Amino acid sequence: MEKKKINVTIDGRPYEVGGGKSILEACNEIGISIPSLCYLKDVSYNASCGICVVELKGAKTLVRSCVTNIREGMEVVTHSPQIDQARKMNLELLLANHPKDCLVCERNGNCELQDLSAVLGIKEDAFPRTKPHMEPDNSSLALIRNPDKCILCGRCVAVCAEVQSVFAIDFTGRGLRSRIGTFEDKGLGNVACTSCGQCALVCPTAAIVERDETNEVFADLYDKDKVVIVQTAPAIRVGIGEAMGMEEGALVTGQMVAALRKLGFDKIFDTQFTADLTIMEEGYELIHRIKSGGTLPMVTSCSPGWIKFIEHFFPKSLEHLSTCKSPQQMFGAVAKTYYAEKMNIDPRKLVVVSIMPCTAKKFECKRPEMKSAFHYWQEKMGLQEGESFYDVDYVLTTRELAKMFKRKGVDFEHLHVEEFDKPLGISTGAGVIFGATGGVMEAAVRTAYEVITGKPLDKIDLNVVRGFEGIKEAELDLAGTKIKVAVAHTLKNARTLLEQIEEGKSPYAFIEVMTCPGGCLGGGGQPIPTTWAIRQKRADSIYREDKLHPIRKSHENPAIKAIYEEFLTEPLGHISHELLHTAYTERGIY
Ligand code: SF4
Ligand code: SF4
Ligand code: SF4
């Protein structure tokens, strides 16, 4: 509830602002911008950077506006020579230990520290370096940490703890040896990090970045011996335009396809095709569990950060997870079997590249069990273990894809729209909404209702599971059987639902969990910045695309009908089990 309005004076002018806020937030509300590096709305208030200082009438020193509450009658000055000097000196102190190698830096051109240095007029090294050099942490398949570039703002620690409830990283050491570390310095790849990338998304510098695989993908694109195909997740079409300089949440599906063709991919396919396939397999799995008295609630398994989280923190509950692979992994498996066979392509020469909003997908595609296509071909082609290959070869984030477009000089905004290739590019509106929290649930209901009742669904939009509330629930009537379902985004909210399950108090039959705030559209690999206002614009575009789609239910996708007729035979059948379903691994909590 908005607190009572109060009257204040800011920069000599009277304003009425909402109470119960910090000075910084009150100023933002009326369009006065105060720079900061460590503040992160609703998440991080550790007041460590000292950039947001302001003058407050009656105070003996400058105050940090992110942690000072605004009060009736306050007189605040946000810009003055004294403030500018203090901000500049605080920044110079942070920069003393910073490498400043912007030209060869991952965040060059999209870095808050770099931008602020320009804004505050930093021209020289004002203070000598005092900290020892620290080696990067290369242990994670998804992320790289470079402690030399860390300014100890604490945003990553706050997001990991407060949003994800994972606590994989924290402040460690003292004085000049202060740094962000993992348990016993084991490295991100060896602790209970979920690879979600939310830390990289909020880091104001290049101290945490995704593992960049753009060079490897370019090398395969230039290799004439290889057939390189690409799949794009639903959330890319509402994020890549932004990363290419267009407005926030721009819906650019057709331009994205055209730009991928310009990069030289042999076929442009859509992860939404396998999102539809997931709905078929997962929907039938749910129906089977309900009818046969199987383990309920069944919980979705599309989001690899979530899978790693439950493997680390709730291994006793793994049987609640659907056995369905994620759409990305289903795509790799059917591309290197069904599609390779259909097109007479040697699966060893077929390279599958995924464009994902998610850093955890980089971890997921390298899980040892994600080699189902190799096992499919092993006997048929007499392949040796040494020739094994993964179903998905590379995962690039939205940010990495933007780098590739820029490197190739693609004039993204002015491209004419083009269509996905067939058959793995054919999808439905149900596939699109996988990109937003609640989307998998809504898509599943559209299919499950019609399969169970045999009747068309009157109202396709399931508004009750849309929006950014942390946990949403609904009661559904499936031909007289009433079931309760729930939707959670962020691992903190998922933890609440898991605790209910482990206490035997879960009232639900089916639960959707997405790791990242807002779902995939707010994934750790999406453009920086990603705020709630931006997430909302991306969600609006996703639901707009769904509305525009001529087919909005997964079971009506003609390419899905064809793959069952030509190859898989039936949902949950023998080939589906081999290629589309998986098992999970118990992991420790460090
Ligand atoms: S993190 Fe930012 S300021 Fe630091 S080297 Fe990279 S681009 Fe430059
Ligand atoms: S990737 Fe996610 S879980 Fe791992 S440290 Fe970052 S925020 Fe925490
Ligand atoms: S790693 Fe990035 S987000 Fe974390 S404390 Fe360092 S600079 Fe801040």
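Residues numbered from 1 in each chain as written. Chains lettered and ligands numbered in written order. Predicted model: local features only at pLDDT ≥ 70, side-chain atom pairs only at ≥ 80, totals over all residues. Heavy atoms only, no water.

Engineer: Honestly, the pairing of strand β7 (residues 169-172) in this entry has me stumped. Any pointers?
Structural biologist: Consecutive residues of a regular strand have side chains that alternate between opposite faces of the sheet. The pairing of β7 with strand β8 (residues 179-182) spans four bridges and is antiparallel. Bridge pairing in β8 places Ile169 opposite Thr182. Linkage of β7 to β8, two consecutive antiparallel strands, is achieved through a turn of six residues, within which Gly173 is found at a positive phi near 75°. (Pairing = 2+ DSSP bridges. Helix = DSSP H or I, 4+ residues; strand = E, 2+ residues; numbered from the N terminus.)

Engineer: Which parts of the structure should I look at to understand the site of ligand 2?
Structural biologist: The local shell around ligand 2 consists of Leu143, Cys160, Val166, Ala168, Ile169, Leu188, Cys193, Thr194, Ser195, Cys196, Gly197 and Cys199. Residue composition of the shell around ligand 2, grouped by class: nine nonpolar, three polar and no charged. (Near = heavy atom within 4 Å. Nonpolar A, V, L, I, M, F, W, Y, C, P; charged D, E, K, R; others polar.)

Engineer: Can you help me understand unusual backbone geometry in this one?
Structural biologist: Generally, phi is negative for residues other than glycine and the peptide bonds are trans, each holding for most cases. The peptide bond linking Lys422 to Pro423 adopts the cis configuration, its omega dihedral lying at 0°. Topologically, Pro423 is positioned in the loop between α14 (398-407) and α15 (429-432). Positive phi is not limited to glycine here, since Leu152 has a value of about 55°. One can find Leu152 in the loop between β6 (143-145) and α4 (155-163). In the Ramachandran plot, Glu184 falls in the positive-phi region, its phi being about 50° despite a non-glycine side chain. Relative to the helices and strands, Glu184 is located in the loop between β8 and α5 (198-202).

Engineer: In this structure, what is going on with the domain arrangement of the protein? I would like to understand it.
Structural biologist: Interface size is often expressed as the accessible area that is lost when the parts come together. We note that the domain assignment places domain 1 (3-79), domain 2 (105-111 + 123-210) and domain 3 (215-580) within the protein. Computed over C-alpha atoms only, the centres of domain 1 and domain 2 are separated by 28 Å. Domain 1 puts nine residues into the contact, and the matching count from domain 2 is twelve residues. The contact between domain 1 and domain 2 buries some 670 Å² in all, and 61% of this surface belongs to carbon and sulfur atoms. Interface area lost by domain 1 to domain 2 is led by Leu37, Leu40 and Val43, which between them contribute 61%. (Domains from an automatic or database assignment. Contact = heavy atoms within 4.5 Å. Buried area = accessible area lost by both parts, 1.4 Å probe.)

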